[in-house]
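So you can see what is in the structure, the chains are spelled out below.
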Amino acid sequence: MGILLGLVSFLTGVTVIIQSAVNGRLRSMTANPIFASAASFGGGLLLLFLMLFAAHWLGIYTIPAFSVLGQTRAWMYIGGLIGTALVIGSIVIPKKIGFTAYFSMLVAGQLAGSVIADAIGFLGNPVHLPGPARIIGVICLIAGAVLVQKK
C-alpha cells in the first residue's frame, strides 16, 4: 500500500505542473491571471459537487447535516483562500522563472513545512518526529532546490 500511495502522490505532483501550464496558457490568452484562477476554481468546484453527490448516491459518504456544519469553525474554511494564492502563484511565477525553479522551491517549502507540521502534530494530526535520515533528506532537497535556481 505504501508504494501505491507513494506513486499516486508522485503522479499527483506531476498533474500540478500540468495544471500550472494549462492555467498559465489561459492567463496568456486572456491576459488576466485572476480570470484564469477563477476559471480553474470554477471547473474544480463543479467537479467536486458532482463527486459529492455521486459519492452520496453511491453510499460512499453522506452529505454533512447543517447541525454538523454549524459546529465547524470559520478557520476550517481557509483552505480555499490558501489554494487561491497557490493557483495564482503557479500561474504567474513559472512564466518569469520557469517551472523547474518555481516548483523546486515550492516543493522544498512544502517539505520543510511538512516536517515541522509532523513534529508538532499540527491541527491534531499524529506526531511523526523526524529521524536523522529525514532531516538529511530535507536538507538535500532544499539544497537541490537552491541549485536548480542556477542556470
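Everything below is about the structure shown above.
Each value, and the rule that gives it
Residues numbered from 1 in each chain as written. Predicted model: local features only at pLDDT ≥ 70, side-chain atom pairs only at ≥ 80, totals over all residues. Heavy atoms only, no water. Helix = DSSP H or I, 4+ residues; strand = E, 2+ residues; numbered from the N terminus. Buried < 20%, exposed > 50% of the residue type's maximum accessible area, 1.4 Å probe, protein only. Contact = heavy atoms within 4.5 Å. Salt bridge = Lys/Arg side-chain N within 4 Å of Asp/Glu carboxyl O. Axes fitted to C-alpha atoms, helices over the stretch in contact; angles between N-to-C directions. Parallel < 35°, antiparallel > 145°, perpendicular 65-115°, else oblique. Left-handed = near helix turned anticlockwise from the far one by under 90°. Nonpolar A, V, L, I, M, F, W, Y, C, P; charged D, E, K, R; others polar. Phe/Tyr/Trp six-rings, centres within 6.5 Å; stacked < 30°, edge-to-face > 60°. Expected span 1.5 Å × (residues − 1). Bend = angle between axes of the 7 residues up to and from the residue.

(A) How the structure looks around the overall build of the protein chain. A tally of helices and strands in the protein chain yields six helices and zero strands. Going from N to C terminus, the protein chain has its helices and strands arranged as α-α-α-α-α-α. Projecting the C-alpha coordinates of the protein chain onto the three principal axes gives extents of approximately 50 × 45 × 30 Å. A total of 151 residues make up the protein chain; the buried ones form 15% of that total. Contacts in the protein chain between residues at least 24 apart in sequence constitute 56% of all its contacts with a sequence separation of at least 6.

(B) Geometry of the pattern of salt bridges. This structure, assessed with the given rule, holds one salt bridge. Among the salt bridges present, the one from Arg 134 reaches Asp 118, with a minimum N-O distance of 3.7 Å. Of this pair, Arg 134 sits in helix 6 (residues 132-148) while Asp 118 sits in helix 5 (residues 99-120); the two residues are 16 residues apart in sequence, bridging distant segments of the chain.

(C) How the structure looks around the side chain of Ser 90. By the element assignment, Ser 90 lies in helix 4 (residues 79-97). Overall, Ser 90 belongs to the buried group, its relative accessible area being 5%. If we ignore the near neighbours within four places in the chain, the residues touching Ser 90 are Ser 20, Tyr 102 and Phe 103.

(D) Inspection of the side chain of Ser 37 at higher detail. When you line up the elements, Ser 37 lands in helix 2 (residues 33-57). Excluding residues that lie within four positions of it along the chain, Ser 37 makes contacts with Val 87, Ile 88 and Ile 91.

(E) Looking closely at the packing of helix 5 against helix 6. Viewed as axis vectors pointing N to C, helix 5 and helix 6 meet at an angle of 160 degrees, and their least axial separation amounts to 8 Å. Judged on the interaxial angle alone, helix 6 and helix 5 are roughly antiparallel. Crossing hand, helix 5 versus helix 6: left-handed. Counted together, Thr 100, Ala 101, Ser 104, Met 105, Val 107, Ala 108, Leu 111, Ala 112, Val 115 and Asp 118 of helix 5 and Arg 134, Val 138, Leu 141, Ile 142, Ala 145, Val 146 and Val 148 of helix 6 form the full contact between these two elements. Taken together, the residues of the contact of helix 5 with helix 6 break down into 13 nonpolar, two polar and two charged.

(F) Summary view of the packing of aromatic side chains. One pass over the structure, following the stated rule, counts three aromatic pairs. Taking 6.3 Å as the distance between ring centres and 20 degrees as the angle between the ring planes, the aromatic pair formed by Phe 49 and Phe 53 counts as stacked. Taken together, the residues Phe 49 and Phe 53, both in helix 2 and four residues apart, mark about one turn of the helix. Looking at Phe 53, the relative accessible area reads 48%, which means it is partly exposed. Seen from their ring centres, Tyr 102 and Phe 103 are 4.8 Å apart, and the 80 degrees between their planes marks the pair as edge-to-face.

(G) Inspection of helix 4 at higher detail. With 19 residues, helix 4 extends 26 Å from end C-alpha to end C-alpha; this agrees with the ideal 27 Å at 1.5 Å per step. A maximum bend of about 30 degrees is found in helix 4 at Ser 90, where proline Pro 94 lies one to four positions downstream. Every buried residue of helix 4 is listed here: Gly 83, Val 87, Gly 89, Ser 90, Ile 91 and Pro 94. Of the surrounding secondary structure, the elements contacted by the buried residues of helix 4 are helix 1 (2-30), helix 2 and helix 5. Looking one or two residues beyond helix 4, the residue adopting positive phi is Gly 98, at roughly 95 degrees.

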